[in-house]
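Examination of the molecular architecture
Residue strings, one per chain:
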Amino acid sequence: MSTFTIFLALIVVVAFLLVVVIMVQNPKGGGLSSSFGGGGTQQLGGVKKTTDFLDKSTWTLATLMLALILLSNVAINRGSGTVDSKALDTEATTQPVVPATPAAPAPTDNTETEPASE
């Protein structure tokens, strides 16, 4: 398993977690934070702490995802060649493409009937 594959798997996991954390939030104060006591601060640290946790985890996951994407660029296997594109590869284009010669036209019977000489 290559390093790039490991980075790719980590990026997918972080992206999934980021989607989950963002979907739990509600911009109008609802979401997960409203289910922990509504307006009260008695349960599980209250609404404010839940919102702070979700906000910090969103920024942390977004930063982690950006770092993984940048690091995965270093891990890409570029091969040993210096050619970036197959279109620029001179070995593949050394044989010129010669169009097939068209078939000779079928002979036409141009024997016109000449007036019979009497």
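As shown above, the structure is provided for reference.
Below, the structure is looked at part by part. Predicted model, so just to flag it, every value in this text is computed and none were measured.

1. Some points on the overall build of the protein chain
The secondary structure content of the protein chain amounts to three helices and zero strands. Buried positions account for 16% of the 118 residues belonging to the protein chain. Once local pairs closer than 6 in sequence are excluded, the contacts in the protein chain between residues at least 24 apart make up 65%. In the structure as shown, the protein chain presents an accessible area of about 10100 Å², 64% of it carried by carbon and sulfur atoms.

2. Remarks on a nonpolar patch on the surface
A grouping of Phe-4, Leu-8, Val-12 and Ile-76 is seen on the molecular surface, where their side chains present a nonpolar patch of about 320 Å² in accessible area. Assignment of secondary structure puts Leu-8 in helix α1 (residues 3–24).

3. So, the nonpolar core
Listed in full, the nine residues of the largest apolar core are Phe-7, Ile-11, Val-14, Leu-18, Val-21, Leu-54, Leu-61, Met-65 and Leu-68. Among the secondary structure elements, those contributing two or more residues to this core are α1 and α3 (46–75). Among the elements that line this core, the one with the most residues is α1, at five residues.

4. Brief notes about α1
Residues that lie three or four places apart on an α-helix share one face, since the helix turns once every 3.6 residues. Here α1 spans 32 Å end to end across 22 residues, near enough to the 32 Å set by a 1.5 Å rise per residue. Those residues of α1 that sit buried are Phe-7, Ile-11, Val-14, Leu-18 and Val-21. The buried residues of α1 occupy one face: seen down the axis, they fall within an arc of 95 degrees. Summarising the geometry of α1, the exposed residues directed more than 90 degrees from the buried face are Val-12, Phe-16 and Met-23.

Reading the values: rules and limits
- Residues numbered from 1 in each chain as written.
- Predicted model: local features only at pLDDT ≥ 70, side-chain atom pairs only at ≥ 80, totals over all residues.
- Heavy atoms only, no water.
- Helix = DSSP H or I, 4+ residues; strand = E, 2+ residues; numbered from the N terminus.
- Buried < 20%, exposed > 50% of the residue type's maximum accessible area, 1.4 Å probe, protein only.
- Contact = heavy atoms within 4.5 Å.
- Areas by Shrake-Rupley, 256 points an atom, 1.4 Å probe, with all protein chains shown as cover.
- Patch = residues over 30% accessible without salt bridge, like charges linked within 9 Å, V, L, I, M, F, W, Y side chains within 5 Å.
- Salt bridge = Lys/Arg side-chain N within 4 Å of Asp/Glu carboxyl O.
- Core = buried A, V, L, I, M, F, W, Y, C linked by side-chain atoms within 4.5 Å.
- Expected span 1.5 Å × (residues − 1).
- Arc of directions from axis to C-beta.

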